[in-house]
Amino acid sequence: MKKWPLKENLLFALTSSSLFRQTKLSNFHTKAYHCIQQLRNCNDFISATLAHSNVLKCGFLNDTFATNHLINCYVRLQEIQDAHQVFDEMPEPNVVSWTSLMAGYVDVGQPKMALRLFWKMPGSSVMPNDFSLATVINACSILADVKVGRRIHAQVEILGMLFSWTSMITAYAQNAQGHNALQIFREFSSLMLGRPNHFMLASVINACASLGRLVSGKVTHGAVIRRGHDSNDVVASALVDMYAKCGSVSYSENVFMRIPNPSVISYTSMIVGAAKYGLGKLSLNLFKEMIDRRIKPNDVTFVGVLHACSHSGLIDEGLEHLKSMYVKHGVLPDAKHYTCVVDMLGRTGRLDKAYQLAKSIQVESDEGALLWGTLLSASRLHGRVDIAVEASKLLIESNQQVAGAYVTLSNAYALAGEWENVHSLRTQMKRTGIYKEPGCSWVEIKDSTYVFYAGDVASCPQGREVMSLLRELEERMKERGYVGGSMGLVFVDVEQEAKEEIVGLHSERLALAFGLINIPKGVTIRVMKNLRMCRDCHEAFKLISDIVERDFVVRDVNRFHHFRNGSCTCRDFW
């Protein structure tokens, strides 16, 4: 049975007065049928206007069912103004008409218009239904407007549609608004509106994963067990992913091992999690186990496998897996897989091969940003200014990660001693108003999250104690031969945090010191960072882990680093 898109479902599932159910197929209805078929088959604006003309000639503009198809046609083609004009001319728009137009505004990136329509519905004597609420919830999540969200909550309660709590939590979680998803879940729980179903719990777990909220994730895991959803494959896969993204891969493995019949999703979550943690051999063993159990891998599985090979220096294995993708498993490699290989080659210093491969790949703008950003980082790391210049130009042309491209290229020039080019780039950035993303790290203690910004000691929680501890640790590191950046001085080998713009310390050091002060000994300190960890901080963390005899886990934008007894699981390869 063919599945229609949401807007088509609205027209068929919600319209109560179908011309074709109530009467025999008269000439009138035959014309209506042909008009509607024409509207469904429109693929461009010209064919839509021709179909609109036929609807007008046949006298169907006053028929709500036919006009809803016309609105849906314009919405599908993202001609939202034409859709709205048709809507305004309708004598009796019904809930389908309103909801289709609202969904259209969400699709074209105008969620505020969707909300305006929603608030006008009751005044027109049309009450919203489940689909209307799902649409406005999506608009709300895009805007991240908690105040409006609470008004929607009130409407949900009045109408008695409590299922929409799940829809709202899911919408926020899927639109990178994890904080709002957790807030709504807390409200749902405090109001005791019922038992959370497995869809809601999976969405909450995904929100915890995106935020790195291990404590909240564990609490939700407890709710999963109490509700008997721990055997559900979707929930279990979400838990595997959450623990991995929170830097607790051993918990991921424990959850994974308890899944009776893990699917490709569960295996892929575990493979990717182990890869990010630098456990390349574990990822590859899981992949082999998966194949032995005759579970067919998908394209995301191979991203995890190639990522594992890249972060563990397993070049030959990685190239073999790339070759086997289509031949053995019928999965055609695309830009994201080749980007992994470019990363793999670049990390081991094979920059010329990586550059040639990158130039040969056909990519869209968003994929191109990832590809050229990967090559740029590798060329900077290995001092290949020639390739760094080329990669940065292509990255800037993609109109994505522009600030990062300028800063990374600047650092590449600095490492090569080309200071004139460094100052020229920085001047150009200031003139054009391009600013780098500030370095930011955070730690979670109990149910609270503490955020730290690079160089911002003034607003740092317990600032005096943090600085005092860092000075003490620096002296003890120097006794062991540490020659890195001192207080207020940062070397050039940074990804996004430029030395001349930092007056204090990198954000992860502030977060670490705060964690050492406030987290009991014996408990692993977990730090999340929005940028790549610099080599100077990496060396410092290794030494500090040995000095204070504590384990630290840092999740940066690329991977996890687990520091223990003076070493890191990445083996200085990241």
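What counts and how
- Residues numbered from 1 in each chain as written.
- Predicted model: local features only at pLDDT ≥ 70, side-chain atom pairs only at ≥ 80, totals over all residues.
- Heavy atoms only, no water.
- Helix = DSSP H or I, 4+ residues; strand = E, 2+ residues; numbered from the N terminus.
- Buried < 20%, exposed > 50% of the residue type's maximum accessible area, 1.4 Å probe, protein only.
- Areas by Shrake-Rupley, 256 points an atom, 1.4 Å probe, with all protein chains shown as cover.
- Pairing = 2+ DSSP bridges.
- Right-handed = clockwise from strand over helix to strand, strands pointing away.
- Salt bridge = Lys/Arg side-chain N within 4 Å of Asp/Glu carboxyl O.
- Disulfide = S-S within 2.5 Å.
- UniProt positions renumbered as here; feature names shortened; annotations may be inferred.
- Polar contact = N/O pair within 3.5 Å; in protein donor to acceptor, adjacent residues only side chain to side chain.
- Axes fitted to C-alpha atoms, helices over the stretch in contact; angles between N-to-C directions.
- Parallel < 35°, antiparallel > 145°, perpendicular 65-115°, else oblique.
- Contact = heavy atoms within 4.5 Å.
- Nonpolar A, V, L, I, M, F, W, Y, C, P; charged D, E, K, R; others polar.
- Core = buried A, V, L, I, M, F, W, Y, C linked by side-chain atoms within 4.5 Å.
- Phe/Tyr/Trp six-rings, centres within 6.5 Å; stacked < 30°, edge-to-face > 60°.

1. With respect to the overall build of the chain
Within the chain, the secondary structure is distributed over 29 helices and six strands. Taken across its 574 residues, the chain has 53% of its residues classed as buried. Carbon and sulfur atoms make up 52% of the accessible area of the chain, which totals about 27,100 Å².

2. A word on the pairing of strand β4 (residues 552-555)
Of the two faces of β4, the one carrying F552 and V554 and the one carrying V553 and R555 are both buried. Pairing of strand β3 (residues 525-529) with β4, which is carried by four bridges, proceeds in the parallel orientation. Note on β4: the bridge partner recorded for R526 is V553. Handedness of the crossover joining β3 and β4 through helix α29 (residues 535-547): right-handed. With four bridges joining them, β4 and strand β5 (residues 560-564) adopt antiparallel strand pairing. Within the sheet, the bridge partner assigned to R555 lies in β5 and is F560.

3. Some details on the pattern of salt bridges
For the structure on display, the rule yields 15 salt bridges. The closest approach of N and O atoms between E317 and K281, which form a salt bridge, is 3.9 Å. In this pair, E317 sits in helix α20 (residues 315-329) while K281 sits in helix α18 (residues 280-292), placing the two residues 36 residues apart along the sequence. Residue E317 is classed as partly exposed on the basis of its relative accessible area, which comes to 29%.

4. So, the state of the cysteines
Here a disulfide denotes a covalent bond joining the sulfur atom of one cysteine to the sulfur atom of another. Under the criterion given, the structure shown has zero disulfides. The cysteine C208 is free of any disulfide, with C246 supplying the nearest cysteine sulfur at 7.1 Å.

5. Some details on the UniProt feature "repeat: PPR" (unreviewed entry) in the chain
When the UniProt feature table is mapped onto this chain, "repeat: PPR" (unreviewed entry) is found at residues 94-128 and 263-297. End C-alpha to end C-alpha, residues 94-128 measures 10 Å, and it is 66% helix and 0% strand. Annotated as residues 263-297, this span is 74% helix and 0% strand, and its ends, taken at the C-alpha atoms, are 10 Å apart.

6. Describing the side chain of H311
Mapped onto the elements, H311 comes out in helix α19 (residues 299-311). Residue H311 is classed as buried on the basis of its relative accessible area, which comes to 2%. Side chain to side chain, H311 and H307 meet in a polar contact 2.9 Å long. Of the polar contacts made by the side chain of H311, one reaches the side chain of R347; its length is 3.4 Å.

7. Observations concerning the environment of S312
When you line up the elements, S312 lands in the loop between α19 and α20. Sequence separation of S312 and K276 is 36 residues, and the distance between their C-alpha atoms is 9.7 Å.

8. Looking at the sheet that holds strand β1 (residues 440-445)
Adjacent strands of a sheet pair through backbone hydrogen bonds, lying either parallel or antiparallel. Spatially, six strands are ordered β2-β1-β3-β4-β5-β6 in an open sheet, and the strand pairing comes out mixed. Strands with a single pairing partner mark the edges of an open sheet, and in this sheet they are β2 (448-453) and β6 (567-568).

9. Quick look at unusual backbone geometry
Residues other than glycine seldom take positive phi values, yet R294 does so here, at roughly 60°. The topology assignment puts R294 in the loop between α18 and α19.

10. Observations concerning the packing of helix α27 (residues 463-479) against α29
Remark: α27 packs on α29, axes separated minimally by 10 Å, with the N-to-C direction vectors making an angle of 95°. Here α29 runs roughly perpendicular to α27, going by the angle between their axes. Residues L473, R476 and M477 of α27 form the contact with α29, whose participating residues are A540, L543, I544 and I547. The class makeup of the residues in the contact of α27 with α29 is six nonpolar, no polar and one charged.

11. A few points about the nonpolar core
With 130 residues, the main nonpolar core has I152, L239, M242, V342, W372 and L375 as its most contacted residues. Once residues lying within four places of it in the same chain are set aside, the contact partners of V342 are A354, L357, A358, I361, L371, T374 and L375. Listed in part, the 34 residues of the second largest apolar core include L469, A511, C537 and I544.

12. A few points about the packing of aromatic side chains
Geometrically, a pair of aromatic rings is defined through the distance of the ring centres and the angle of the planes. Evaluation of the coordinates by the stated rule reveals eleven aromatic pairs. Ring centres 5.1 Å apart and planes at 65° place the aromatic pair F118 and W119 in the edge-to-face group. By relative accessible area, F118 is classed as buried at 1%. With centroids separated by 4.8 Å and ring planes inclined at 45°, the aromatic side chains of Y450 and F514 adopt a geometry described as tilted. Of this pair, Y450 sits in strand β2 while F514 sits in helix α28 (residues 507-518), and the two are 64 residues apart along the sequence. Assessed through its relative accessible area of 28%, Y450 is described here as partly exposed.

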